[in-house]
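Descriptive analysis of the structure
Below are the chains, spelled out letter by letter.
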2 protein chains.
Amino acid sequence: MTTAKRDTYTPETLLAVAVRVFNERGYDGTSMEHLSKAAGISKSSIYHHVAGKEELLRRAVSRALDGLFAILDESGATRGRAIERVEYVTRRTVEVLIAELPYVTLLLRVRGNTKTERWALERRREFDQRVAELLKAAVADGDLRSDVDIRLATRLLFGMVNSLVEWYRPLPDGGAEGERLADTVVQLAFDGMKSGQSGR
Amino acid sequence: MTTAKRDTYTPETLLAVAVRVFNERGYDGTSMEHLSKAAGISKSSIYHHVAGKEELLRRAVSRALDGLFAILDESGATRGRAIERVEYVTRRTVEVLIAELPYVTLLLRVRGNTKTERWALERRREFDQRVAELLKAAVADGDLRSDVDIRLATRLLFGMVNSLVEWYRPLPDGGAEGERLADTVVQLAFDGMKSGQSGR
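Note that this is a predicted model, so its numbers are computed, not measured. (Residues numbered from 1 in each chain as written. Chains lettered and ligands numbered in written order. Predicted model: local features only at pLDDT ≥ 70, side-chain atom pairs only at ≥ 80, totals over all residues. Heavy atoms only, no water.)

With that settled, the discussion passes to the interface of chain B and chain A. Chain B puts 38 residues into the contact, and the matching count from chain A is 38 residues. Here chain B packs against chain A, burying approximately 3400 Å² in sum over the two surfaces, 59% of which is carbon and sulfur. Among the residues chain B hides against chain A, the three largest losses belong to B:Arg145, B:Leu156 and B:Met193. Together they make up 25% of the total. At the boundary of chain B with chain A, the tally comes to four salt bridges. Two residues, A:Lys194 and B:Glu87, come together in a salt bridge whose shortest N-O distance is 3.3 Å. Summed over the shared surface of chain B and chain A, the number is 24 residue pairs in polar contact (both at pLDDT 80 or more). Of all the elements in the fold, those that place two or more residues in the side of chain B that touches chain A are helix H1 (11-25), helix H6 (82-99), helix H9 (150-162), helix H10 (164-167) and helix H11 (175-191) of chain B. (Contact = heavy atoms within 4.5 Å. Buried area = accessible area lost by both parts, 1.4 Å probe. Salt bridge = Lys/Arg side-chain N within 4 Å of Asp/Glu carboxyl O. Polar contact = N/O pair within 3.5 Å; in protein donor to acceptor, adjacent residues only side chain to side chain. Helix = DSSP H or I, 4+ residues; strand = E, 2+ residues; numbered from the N terminus.)

This is the structure we're talking about:
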């Protein structure tokens, strides 16, 4: 039995608890009972806030997706040379990953067993596609190498960026560290690890 | 009930079935019952081959780890300039990932709940550490940029390389495709995505 505490949750604080449990146990492995225990309120209290765990998943991945898609509307992503826009988007993607770490972690672990998961996968693909188009424009400008398949380059770029959710743990200095990390990712992805190359 | 078929499994073929189920359901989420159903033989037949599912996990991740550690003893990894050795190890890591895809996938998803999982994580860290040392030597030679933290660079490099297990699916032409992929990973990781840089 759960010793139910008074339900003082807001939609945001309940979502934060749910996302933590989803990331620990996997979405498929999480029951309403697990959520109730973790939140310390009864299942019926949770149902007072949401229709069920799929709604919590939808809200959580929406938060991650909204953060990512918002980048594409920022002026750094819409104005200037394609290479500058793609570097900007890469840097901001790292920053959003860090700022919304548990939400993006959940998004990246979604597998496609439910309608919400399939929708999330579809939106992720759409985001990747938008970045791939930017990469393609930068290749057309002659700024990115043309001897690498764009789809493959996009996957490897996101492979590098998204790996952050597996090992990055925020330090107390938060902001400054995240900025340095974003800089490093952009440098390595675009200029490579070798020394003495252009742009430095 | 499982309709048991005659047990014609060898240790290798049974392992292949177990690894497929572990990757589909997660190791924690897999029971001997699941393995018995997937293999089409009774649980007692499986116990005839192995002591339990943890032994199957140990054998599977050992296969991945043996493949990875063997790279470090190859002459390409032990002779020559550090930058050449680190490029060689990166290329061969991609090739081993592709050749042993289900086994490395399982290794990379291990979480540390059992003794075998903790041992596997420890061995993975050891491999990453060996590669980090090579990177450090290449920085000391002046061949890799010195303005990036080695631990961070190692993590981002493996983030890119290991992401393969999430999206790479072998095509019928197998070998040639894997070689091209390994070339691309090495080019992007060391020379970056920008055009007109050194070494090309």
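A word on the relation of the copies chain B and chain A. The two copies are related by a screw motion: chain B maps onto chain A through a turn of 180 degrees and a shift of 0.0 Å along the axis, at an RMSD of 0.0 Å. Such a turn and shift between the copies fits a two-fold axis. With an isologous cut-off of 70% or more, the 100% of interface residues of chain B that recur at the interface of chain A puts this contact in the isologous class. (Least-squares fit on C-alpha atoms with pLDDT ≥ 70 in both.)

What follows concerns the packing of aromatic side chains. Given two aromatic rings, one states the distance between the centres and the angle between the planes to describe the pair. Enumeration over the complete set of coordinates arrives at six aromatic pairs over all chains. Judged by centre distance (5.7 Å) and plane angle (75 degrees), the ring pair of B:Phe69 and B:Phe127 falls under edge-to-face. Placement of B:Phe69 in helix H4 (residues 53-73) and of B:Phe127 in helix H8 (residues 115-140) is noted, with a sequence separation of 58 residues between them. Judged by relative accessible area, B:Phe69 falls into the buried class, the value being 10%. One residue, A:Arg63, lies across the ring of A:Tyr103, its end atom 4.0 Å from the ring centre. Positioned above the aromatic ring of B:Tyr27 is the side chain of B:Lys53, whose terminal nitrogen or guanidinium carbon lies 4.2 Å from the ring centre. (Phe/Tyr/Trp six-rings, centres within 6.5 Å; stacked < 30°, edge-to-face > 60°. Buried < 20%, exposed > 50% of the residue type's maximum accessible area, 1.4 Å probe, protein only. Lys NZ or Arg CZ within 6 Å of the ring centre and 35° of its normal.)

Interpretation of this model should avoid reading the predicted coordinates in detail wherever pLDDT is low. Averaged over all residues, the pLDDT of chain A is 91; the fraction at 70 or higher stands at 94%. Ranking the helices and strands of chain A by mean pLDDT puts helix H5 (residues 75-78) of chain A first, with 98, and helix H11 (residues 175-191) of chain A last, with 89. (pLDDT = per-residue confidence, 0-100.)

We now examine the UniProt feature "domain: HTH tetR-type" (unreviewed entry) in chain A. Annotation from UniProt places "domain: HTH tetR-type" (unreviewed entry) at residues 8-68 of chain A. For the annotated span residues 8-68 of chain A, helix accounts for 75% and strand for 0% of the residues, and the straight-line distance between the end C-alpha atoms is 30 Å. (UniProt positions renumbered as here; feature names shortened; annotations may be inferred.)

On to the pattern of salt bridges. Residues and elements named next belong to chain A. A full pass over the atoms with the stated rule returns 28 salt bridges over all chains. Where Arg-20 meets Glu-24, a salt bridge forms, and the shortest distance between an N and an O atom there is 3.9 Å. Linking Arg-20 with Glu-24, this pair stays in helix H1 (residues 11-25), spanning four residues, or about one helical turn. Under the relative-accessibility criterion, Arg-20 is labelled partly exposed at 41%. Each of Glu-74, Arg-92 and Glu-95 takes part in salt bridges that share partners, so that together they form one network.

Let us look at H8(B). Between its terminal C-alpha atoms H8(B) stretches 37 Å, which fits the 38 Å expected from 26 residues at 1.5 Å a residue. Once H8(B) finishes, B:Gly142 follows within two positions and takes phi at roughly 85 degrees, a positive value. (Expected span 1.5 Å × (residues − 1).)

To continue, consider helix H2 (residues 32-39) of chain A. Residue and element names in this part refer to chain A. By the burial criterion, the buried members of H2 are Met-32, Leu-35, Ser-36 and Ala-39. The buried side chains of H2 occupy one side of the element, clustering within an arc of 100 degrees when seen end-on. Residues of H2 that are buried make contact with H1, helix H3 (43-49) and helix H4 (53-73). Of the residues one or two after H2, Gly-40 is the one with positive phi, at around 70 degrees. (Arc of directions from axis to C-beta.)

Okay, the domain arrangement of chain A next. Residue and element names in this part refer to chain A. Here chain A is partitioned into domain 1 (11-50) and domain 2 (61-191). Computed over C-alpha atoms only, the centres of domain 1 and domain 2 are separated by 28 Å. With seven residues of domain 1 at the interface, the matching set in domain 2 holds eight residues. When the two sides are added together, the surface that domain 1 and domain 2 hide from each other amounts to roughly 670 Å², 57% of it contributed by carbon and sulfur. At the junction of domain 1 and domain 2, the tally comes to zero salt bridges. The tally of links between domain 1 and domain 2 comes to four residue pairs in polar contact (both at pLDDT 80 or more). Among the residues making up the side of domain 1 that touches domain 2, the classes are represented as five nonpolar, one polar and one charged. (Domains from an automatic or database assignment. Nonpolar A, V, L, I, M, F, W, Y, C, P; charged D, E, K, R; others polar.)

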